[in-house]
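This is what each chain is made of:
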Amino acid sequence: MNKLQALATLLSKPKRLSALLSYGHKGYLASIGWFTAFDNRQAVDAHNQPIPWVTYSFIDFIKYRLNKNLSVFEYGSGNSTLFYAKHVKRVVSVEHDEAWYKKIVNQKAPNAEMIFTKLEPNGEYSQKAKLLGEKFDVIIVDGRDRVNCCKHSISALTESGVLVLDDSEREVYEEARTFLKAEGFKELSFSGISPGLFYNKATSVFYKPKNCLDI
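Residues numbered from 1 in each chain as written. Predicted model: local features only at pLDDT ≥ 70, side-chain atom pairs only at ≥ 80, totals over all residues. Heavy atoms only, no water.

A. Broad picture of unusual backbone geometry. Even without being glycine, Asn 122 reaches a positive phi, approximately 55 degrees. Relative to the helices and strands, Asn 122 is located in the loop between strand S3 (112–116) and helix H8 (124–131). Classification of Asn 122 by relative accessible area gives partly exposed; the value is 39%. At Asp 214, a position not held by glycine, the phi torsion is positive, near 60 degrees. (Helix = DSSP H or I, 4+ residues; strand = E, 2+ residues; numbered from the N terminus. Buried < 20%, exposed > 50% of the residue type's maximum accessible area, 1.4 Å probe, protein only.)

Here's what the structure looks like:
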């Protein structure tokens, strides 16, 4: 259905059109800040506070399970870095886009470290978590070269650590999901919409029986 057909359908169903128009100031989309994110073209909540560009269902799940004893490593930087820094002890984020890195590095929280690393397939970028020589409780894979990021990152997890893969519904990341499960991780998938976007996607948590999120 093209845009003109969609508009014609709406005009022929005035109750549906009225309901859609009302969603801008009431209802679920308004309460979660979807319109705020859409208008600002960035991941923010209803109060214009930074959130990750992942599914709302995952955000609802993790925000109450994070605490100031946890450390996070993140592939991909931005509002998510600010969000995690607010809820955990320390965040380390690697970014491959130099222009974006230079734009946001001065906005980072005091407990966040941002690292610029050039992107090469299966190169230093995807190995950055393990190359730092420390362990993290949560590793977020939401940047580039995600399959290799997943493969290299598990050695950088604490014994109770978990790995989060965004857009896990994409066929191109099936190799990562298969790899993690073969390594003994279970998958908990959170599907739905994300800030400012209106298509169905998934964010998955890969965990073992003893994990820092009490799954």
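B. Looking closely at the sheet that holds S3. An order of S3-S2-S1-S4-S5-S7-S6 is seen for the seven strands of this open sheet, with the pairing classed as mixed. If you trace the sheet from one side to the other, it starts and ends with S3 and strand S6 (186–192), each paired once. Each strand of the sheet is rotated relative to its neighbour by a mean of 15 degrees, with strand direction disregarded. Sheet topology places strand S2 (residues 90–95) next to S3; five bridges connect them, and they run parallel. Pairing of Glu 95 across the sheet is with Phe 116, part of S3. Packing of H8 onto the sheet brings it into contact with strand S1 (71–75), S2, S3 and strand S4 (136–141), and relative to S1 it is tilted by some 170 degrees. The strands touched by helix H9 (residues 146–153) within the sheet are S1, S4 and strand S5 (157–166), with S5 carrying the most contacts at an inclination of about 175 degrees. (Pairing = 2+ DSSP bridges. Axes fitted to C-alpha atoms, helices over the stretch in contact; angles between N-to-C directions. Contact = heavy atoms within 4.5 Å.)

C. The arrangement of the packing of aromatic side chains in detail. Within this structure, the stated rule accounts for eleven aromatic pairs. Ring geometry for Phe 58 and Phe 61: centres 6.5 Å apart, planes at 40 degrees, overall tilted. A residue pair is termed a helical-turn pair when its members lie 3 or 4 positions apart in one helix, as Phe 58 and Phe 61 do in helix H5 (residues 56–62) at three residues. Accessibility assignment for this pair places Phe 58 and Phe 61 in one class, buried. Cluster of aromatic residues (ring-pair linked, three or more members): Trp 34, Phe 35, Phe 38 and Phe 198. Above the face of the Phe 185 ring, Lys 208 is positioned so that its terminal group lies 4.7 Å from the ring centre. (Phe/Tyr/Trp six-rings, centres within 6.5 Å; stacked < 30°, edge-to-face > 60°. Lys NZ or Arg CZ within 6 Å of the ring centre and 35° of its normal.)

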